[in-house]
Amino acid sequence: MANLTPCDIDSQLLRDAAKRTANRCDRLAEFSDEEGRITRTFCSPAMERLHAELSAWMTAAKLECEVDAVGNLIGKSPATASDEVFLIGSHLDTVINAGRFDGVLGVLLGLAVAEVFNEAKIELPFSLQVIGFSEEEGVRYRFPFIGSRGITGSLPESELDRVDANGSSVRSALDSFGCGCGNLASASYEACRLVGFMEAHIEQAVVLEEASLPVGVVTTIAGQTRARIVFDGVAGHAGTVPHDRRRDALAAAAELILKIESLGQNTDGLFATIGCIDAKPGLSNVIAGTAELRLDLRHEVDPVREAAFDQIQRLVDEIAGHRQLAGRIDNVEHTPAVQMDQELTSELSQSVVEVVSEAKSMVSGAGHDAMILTKLTATCLLFIRCHQGISHHPDETVSLDDIEVAINVMVKTILRVGHRCSVGASSTA
Ligand SMILES: [Zn+2]
């Protein structure tokens, strides 16, 4: 076996791998459910064609391909004596009118890493498996992370009965994709066989660009609170009810929105958003009788987010009180912040330092497959700079140089993990 201490991989080999990866992002962008823009949803015909293309590349890289019971495409390098597995990947589905890099880049980087190990003739003490998750964005079924929930055993059987806009269920989509999801459990990985999971994903913000850094290391995925806020006032004639007698639900909502914005602006690290409003009856000549808002609150520290939520509850009561209408918050969903694995993240950080001298610790405000994988195995998440933080948009851009840095960092990290596993195995032998 080749020496598994972090070594310098030939720079031309890395450059070639980066070029191949960028070209493949362009190629896979051609597989779309819609003409003229990138939209690729769970188990669609475009996803099937993409699988065929990606499988051919994986097979050429000596990875054995399979599609599991939830539609994930997995390329597996041969099993080793330890029977352990290290997973790298991200998602293959997109939002509507997406860019070329969100998700797909993370899968193709996994493939590039496997190719680099082949070309450098480095054997690892575990099977390297590259996974392209079938579903992360939640577009088709309004339910995200079907792929990663599937392999972590956290996809309830009942979710397979969800239907899309055409009335087609998850189960029937999987059946027609050839997955035969009769055995959902077969998609689950055994935690004891897994050494870890690494995801590389575009940052979707401007922290790295502003710091002039190509990559960063995520330590935490922010916790999130979602809720519905409703003001019930009294509908009335816009031309006859005087202002001092109005109980205008929409005006109450407007006051609350600005106060929530101010709370976000004045609380370090807090993202506080009302992204949706529905006023009824919704006519220009009628004072709104009810207004329904959707709240999204995120912070890396759960007690800070919880305190902000309590503050919003008080604001709702105050505004309802002085405007003499009813206000309530319901449908509350709290999702705690998720920490990445310390040891694996430290190995990732050391590798980043070797390549770009500074490893910036970051918080992800967006959810990622890595968040789900933490339930199963040691997980780390590498962010890659994207131009102006643009994502979920056709203008998404990642530079060739940054792709090369990401491959280098990922290779070095896996070498570190491989070294740790080899040392651990020999000391217990
Ligand atoms: Zn993504």
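Residues numbered from 1 in each chain as written. Predicted model: local features only at pLDDT ≥ 70, side-chain atom pairs only at ≥ 80, totals over all residues. Heavy atoms only, no water.

S.K.: Hey, could you run me through the packing of helix H2 (residues 45-60) against helix H3 (residues 104-119) in this one?
M.R.: Two measures define how a pair of helices packs: the angle their axes make with one another and the distance between the axes. Interaxial distance between H2 and H3 falls to 10 Å at its minimum, and their mutual angle equals 20°. Classified by the angle their axes make, H2 and H3 are roughly parallel. Handedness of the crossing formed by H2 with H3: left-handed. Here Leu54, Trp57 and Met58 of H2 come into contact with H3, specifically with Val107, Leu108, Leu111 and Glu115. (Axes fitted to C-alpha atoms, helices over the stretch in contact; angles between N-to-C directions. Helix = DSSP H or I, 4+ residues; strand = E, 2+ residues; numbered from the N terminus. Parallel < 35°, antiparallel > 145°, perpendicular 65-115°, else oblique. Left-handed = near helix turned anticlockwise from the far one by under 90°. Contact = heavy atoms within 4.5 Å.)

S.K.: What is the right way to look at the packing of aromatic side chains in this model?
M.R.: Given two aromatic rings, one states the distance between the centres and the angle between the planes to describe the pair. According to the stated counting rule, one finds three aromatic pairs in the structure shown. A ring pair is formed by Phe42 and Tyr141, whose centres lie 5.9 Å apart and whose planes are at 80°; its orientation type is edge-to-face. Here Phe42 is found in the loop between helix H1 (11-28) and H2, whereas its partner Tyr141 is found in the loop between strand E4 (127-133) and helix H4 (146-151), with 99 residues between them in sequence. Among the residues examined, Tyr141 registers a relative accessible area of 2% and is labelled buried. Here Arg24 stacks its cationic end above the ring of Trp57, 5.0 Å away from the centre of that ring. (Phe/Tyr/Trp six-rings, centres within 6.5 Å; stacked < 30°, edge-to-face > 60°. Buried < 20%, exposed > 50% of the residue type's maximum accessible area, 1.4 Å probe, protein only. Lys NZ or Arg CZ within 6 Å of the ring centre and 35° of its normal.)

S.K.: Can you help me understand the pattern of salt bridges in this one?
M.R.: Pairing is possible between side chains of opposite charge, provided their charged atoms come close. All chains considered together, the criterion is met by 30 salt bridges. Here Arg100 makes a salt bridge to Asp26, at a shortest N to O gap of 2.2 Å. Remark: Asp26 occurs in helix H1 and Arg100 occurs in the loop between strand E3 (85-91) and H3; sequence separation between them is 74 residues. In this structure, Arg420 engages Glu347 in a salt bridge whose closest nitrogen and oxygen atoms are separated by 2.7 Å. With Arg420 in helix H11 (residues 400-428) and Glu347 in helix H9 (residues 342-356), this residue pair connects regions lying 73 residues apart in the sequence. Taken together, the salt bridges that share partners define one network made up of Arg228, Asp232, Glu292, Arg294, Arg328 and Asp330. (Salt bridge = Lys/Arg side-chain N within 4 Å of Asp/Glu carboxyl O.)

S.K.: Sorry if this is basic, but what is going on with the domain arrangement of the chain here?
M.R.: When the parts of a complex come together, some accessible area is lost, and that lost area is often used as the size of the interface. Its domain assignment divides the chain into domain 1 (11-221 + 338-428) and domain 2 (223-335). Between the C-alpha centres of domain 1 and domain 2 the distance comes to 38 Å. (Domains from an automatic or database assignment.)

S.K.: I would appreciate a short explanation of helix H8 (residues 302-323) in the present structure.
M.R.: In an α-helix, one turn spans 3.6 residues, which is why side chains three or four residues apart end up on the same side. If you check H8, its first and last C-alpha atoms are 32 Å apart, about what 22 residues at 1.5 Å a residue would give, namely 32 Å. Inspection of H8 places Asp302, Arg305, Ala308, Phe309, Ile312, Leu315, Val316, Ile319 and Ala320 among the buried residues, and these make up the whole buried set. Projection of H8 onto a plane perpendicular to its axis shows the buried side chains occupying an angular sector of 130°, all on one side. Looking at H8, the residues exposed on the side facing more than 90 degrees away from the buried face are Pro303, Asp317 and His322. Gln324 sits one or two residues past H8 and shows a positive phi near 55°. (Expected span 1.5 Å × (residues − 1). Arc of directions from axis to C-beta.)

S.K.: Quick question: what am I supposed to make of the packing of H1 against H3 here?
M.R.: Here H1 crosses H3 at 145°, and the two axes come no closer than 9 Å. When the axes of H1 and H3 are compared, the crossing they make is right-handed. In this structure, H1 uses Leu13, Ala17, Arg20, Thr21, Arg24, Cys25 and Leu28 to contact H3, whose residues at the interface are Val104, Leu105, Leu108, Leu109, Leu111, Ala112, Glu115, Val116 and Glu119. When grouped by side-chain class, the residues that make up the contact of H1 with H3 number eleven nonpolar, one polar and four charged. (Nonpolar A, V, L, I, M, F, W, Y, C, P; charged D, E, K, R; others polar.)

S.K.: Looking at this structure, I do not really get the UniProt feature "binding site: Zn(2+) 2" (unreviewed entry) in the chain. What am I missing?
M.R.: Per the UniProt record, "binding site: Zn(2+) 2" (unreviewed entry) is found at Asp102, Glu137 and His392. For the residues just named, distributed over 291 residues, the greatest C-alpha separation is only 10.2 Å, placing them together at one site. Checked against the element boundaries, Asp102 lands in the loop between E3 and H3. Not counting residues within four places of it along the chain, the set of residues in contact with Asp102 comprises His91, Asp93, Glu137, His201, Ile202, Gln204, His392 and Glu396. A polar side-chain atom of Asp102 sits 3.0 Å from a polar atom in the side chain of His91. Along the polypeptide, Glu137 turns up in the loop between E4 and H4. Given a relative accessible area of 18%, Glu137 falls into the buried group. Dropping the residues within four chain positions of it, Glu137 is found in contact with His91, Asp93, Thr94, Val95, Asp102, Pro144 and His392. (UniProt positions renumbered as here; feature names shortened; annotations may be inferred. Polar contact = N/O pair within 3.5 Å; in protein donor to acceptor, adjacent residues only side chain to side chain.)

S.K.: Looking at this model, I keep getting lost on the sheet that holds strand E9 (residues 271-280). Mind explaining?
M.R.: Adjacent strands of a sheet pair through backbone hydrogen bonds, lying either parallel or antiparallel. Strand order across the open sheet formed by four strands is E9-E11-E7-E12, with antiparallel pairing between neighbours. Sheet topology places E9 and strand E12 (326-335) at the edges, where each strand pairs with a single neighbour. Taken over all neighbouring pairs, the strand axes of this sheet differ in orientation by 15° on average, direction set aside. Looking at chain direction, strand E7 (residues 223-232) and E12 are connected through eight bridges and run antiparallel. In the strand pairing of E12, Ile229 is matched with Ile329. Packing against the sheet, helix H7 (residues 249-266) makes contact with E7, E9 and strand E11 (290-299), and its axis sits at approximately 175° to E9. (Pairing = 2+ DSSP bridges.)

S.K.: Is there a simple way to explain the pairing of strand E1 (residues 64-67) in this structure?
M.R.: Regular strands have side chains that alternate between both faces of the sheet. As paired strands, E1 and strand E2 (residues 73-76) are joined by four bridges and run antiparallel to one another. Considered in E2, the bridge of Glu66 is made with Ile74. Once E1 ends, the chain turns through five residues before running back antiparallel as E2, passing Gly71 with a positive phi of about 85°.

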